[in-house]
Amino acid sequence: MKNIAVFASGSGSNFQALVNAVETNELQASIKLLVCDKPKAYVVERAANHSMDVFAFSAKDYPSKAAYEMEILQKLKDYEIDLIILAGYMRLIGDTLLQAFPGRIVNIHPSLLPNFPGKDAVGQALSAGAKETGVTVHYVDEGMDTGPIIAQESVGIAAGETNESLQAKIQRIEHGLYPKVVQTLVLTKI
Ligand code: GAR
């Protein structure tokens, strides 16, 4: 059984979808640790509800990205983590973690990459007047949402679509897609 660490910064609905998938055995892996850079984020509460271990930190307490990533790396070693799953973790991964986990860090992004990388991908798609957008799961490299694509699913943007309605459609796709893709990865690649 592979050991997973989920990294998140916010509400953690994708974290929850992964935890649920483990509990129903759709995802045959063990989520050992949540890493969170926002100690007050709701995702920390979700982890506590499932008695899951959390490493919460504030980047401002460290002199550099390398310094906090060294501490994260030690935790990942302690928990014998095989795979890092980013689920709304709003920081670029640095060399320390990229070199320690080559090809073993995965991200989900709410657009059809390479369109609309970075923050507020849903708002970007609406402002651009796009007719469709979607969800991408990809390997993480040193860029912002740039690594090799593993899976994509598209969704139409209706006339009169709001940020909230589109966000809801996209999150529904994410919660179905991410556990499935991670399951494929733990069975085959990692
Ligand atoms: C998700 O929609 C995820 O795709 C996005 O953050 C949201 C987190 O939601 N990630 C990015 O934009 C990464 N560039 P959640 O906290 O409810 O899982």
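Computed from a prediction, not measured in an experiment: that's the story for all the values here. (Residues numbered from 1 in each chain as written. Predicted model: local features only at pLDDT ≥ 70, side-chain atom pairs only at ≥ 80, totals over all residues. Heavy atoms only, no water.)

(A) Representation of the site of the ligand. Of all residues adjacent to the ligand, which total 13 residues, the nearest are Gly12, Ser13, Asn14, His109 and Glu174. In the environment of the ligand, an oxygen atom lies 3.4 Å from a nitrogen or oxygen atom belonging to the backbone of Ser11. In the model, a nitrogen atom of the ligand is placed 3.5 Å from a nitrogen or oxygen of the Asp145 side chain. A majority-of-atoms criterion places the ligand in the largest pocket. Of all the secondary structure elements, the ones that give two or more residues to the shell around the ligand are α1 (13–23), β5 (105–109) and α6 (163–188). (Near = heavy atom within 4 Å. Polar contact = N/O pair within 3.5 Å; in protein donor to acceptor, adjacent residues only side chain to side chain. 1 Å grid on protein atoms, 1.4 Å probe; cavity = no way out; pocket = protein on both sides within 12 Å on 5 of 7 lines; lining within 4 Å. Sits in = over half its atoms within 2 Å of the grid points. Helix = DSSP H or I, 4+ residues; strand = E, 2+ residues; numbered from the N terminus.)

(B) View of the UniProt feature "site: Raises pKa of active site His" (unreviewed entry) in the protein chain. The UniProt feature table records "site: Raises pKa of active site His" (unreviewed entry) at Asp145. Judged by its relative accessible area of 15%, Asp145 is buried. Setting aside its immediate chain neighbours within four residues, Asp145 contacts Asn107, His109, Leu113, Pro117, Gly118 and His138. A distance of 2.8 Å separates the side chain of Asp145 from the backbone nitrogen of Gly118, its partner in a polar contact. (UniProt positions renumbered as here; feature names shortened; annotations may be inferred. Buried < 20%, exposed > 50% of the residue type's maximum accessible area, 1.4 Å probe, protein only. Contact = heavy atoms within 4.5 Å.)

(C) Representation of the sheet that holds strand β3 (residues 53–56). Taken together, the seven strands give an open sheet; going across it, the order is β3-β2-β1-β4-β5-β6-β7, and neighbouring strands pair in mixed fashion. Two strands bound the open sheet, and with one partner strand each, they are β3 and β7 (149–156). Taking the axes of each pair of neighbouring strands and ignoring which way they run, one obtains an average angle of 20 degrees across the sheet. Across four bridges, the pairing between strand β2 (residues 29–36) and β3 is parallel. By the bridge assignment for β3, Leu34 is matched with Val54. (Pairing = 2+ DSSP bridges. Axes fitted to C-alpha atoms, helices over the stretch in contact; angles between N-to-C directions.)

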